[in-house]
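Overview (structure and organization)
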Amino acid sequence: VIRTRISKERHQRSMEAVPEGIEFIHRIDDDIVLLPDYLEQVVKPFTFFPERPIAAVGGCLAIPHYRPISLDKARRQPGWFPRIDEPDWHLQGHFYKDREVVEMESLIGVMCYRRSAVEQVGGWEIPRQSPQIFREESDMSARLVVAGYELLMTTAAVGWHLVAPTGG
């Protein structure tokens, strides 16, 4: 566990704080509590599909008062599935009755990723580009997909995003 201070370049600085030679990195915010098997579940897709060029896998980060819903029902709702041009956090910001690995076009910042893939596409943030788009993770997700990498989300990896009643 490596703690870094929050900053504009928080994702890039977190990656740089991890010693060289460590390929898989999981970045997490301080207001998230992971279920005991979260890390085990979030790395499984890398081993399930070793022949695929997977750059990152995200889990589900539900708000504490949410109840589990049907993944198929959720995916049929307009705007529930994040796309490169419209990153939306609904799909990863919930938890589901179903255990499934879903192909994604965009992931939120809390994900397990391959350092080599992120470095190949220029890092988490490209100066004077990433902040002007949606968020640095959306920009990086788009660059990874364009480079031929895959992004996945597993509903088996669940964490709770602790949000104050007033938000923030």
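Here is a short report on the structure shown in this document. Please read all numbers here as calculations on a predicted model, not as lab measurements. (Residues numbered from 1 in each chain as written. Predicted model: local features only at pLDDT ≥ 70, side-chain atom pairs only at ≥ 80, totals over all residues. Heavy atoms only, no water.)

1. Here we look at the overall build of the chain
Helix and strand counts for the chain come out as five helices and six strands. Taken from the N to the C terminus, the helices and strands of the chain come in the order α-β-β-α-β-α-β-β-α-α-β. Counting only residues that meet the buried cut, the chain has 42% of its 168 residues in that class. Contacts in the chain between residues far apart in sequence, at least 24 positions, make up 71% of those at least 6 positions apart. Per element, the accessible surface of the chain, about 9300 Å² overall, is 54% carbon and sulfur. (Helix = DSSP H or I, 4+ residues; strand = E, 2+ residues; numbered from the N terminus. Buried < 20%, exposed > 50% of the residue type's maximum accessible area, 1.4 Å probe, protein only. Contact = heavy atoms within 4.5 Å. Areas by Shrake-Rupley, 256 points an atom, 1.4 Å probe, with all protein chains shown as cover.)

2. Things to note about the pattern of salt bridges
A full pass over the atoms with the stated rule returns six salt bridges. Here E40 and K44 are joined by a salt bridge, their closest N and O atoms 3.9 Å apart. Of this pair, E40 and K44 both sit in helix α2 (residues 38-48), four residues apart, which is roughly one turn of that helix. The exposure class of E40 is partly exposed, given its relative accessible area of 48%. Here E100 and R75 are joined by a salt bridge, their closest N and O atoms 3.3 Å apart. Here R75 lies in helix α3 (residues 71-75) and E100 lies in the loop between α3 and β4 (101-104), a separation of 25 residues in the sequence. Judged by relative accessible area, which is 29%, E100 ranks as partly exposed. (Salt bridge = Lys/Arg side-chain N within 4 Å of Asp/Glu carboxyl O.)

3. Remarks on the nonpolar core
If you look at the biggest cluster of nonpolar residues, it comprises 28 residues, and the most contacted ones within it are L91, Y113 and L144. Among the secondary structure elements, those contributing two or more residues to this core are β3 (54-62), α3, β4, β5 (111-114), α4 (115-120), α5 (136-146) and β6 (150-161). Contacts of L144, omitting those with residues within four sequence positions, involve A55, A117, V118, V121, Y149 and L151. Counting twelve residues, the second-largest nonpolar core is a separate cluster that includes I32, I54, V110 and A157. (Core = buried A, V, L, I, M, F, W, Y, C linked by side-chain atoms within 4.5 Å.)

4. Focus on α5
Across the eleven residues that make up α5, a large majority, nine, are buried. Among the residues of α5, those classed as buried are E136, E137, S138, D139, M140, S141, A142, R143 and L144. Remark: G148 follows α5 within two positions and exhibits a positive phi of approximately 100 degrees.

5. Focus on the pairing of β6
For β6, a buried count of nine out of twelve residues is recorded, marking the element as mostly surrounded by other parts of the structure. For strand β2 (residues 32-34) and β6, the ladder comprises three bridges, and the chain directions are antiparallel. Paired with V33 across the bridge in β6 is W160. Both β3 and β6 contribute to a ladder of seven bridges, which runs parallel. In the sheet register, A62 faces β6, and the bridge partner there is W160. When β4 meets β6, the two strands line up antiparallel, connected through four bridges. Bridge pairing in β6 places V102 opposite M153. (Pairing = 2+ DSSP bridges.)

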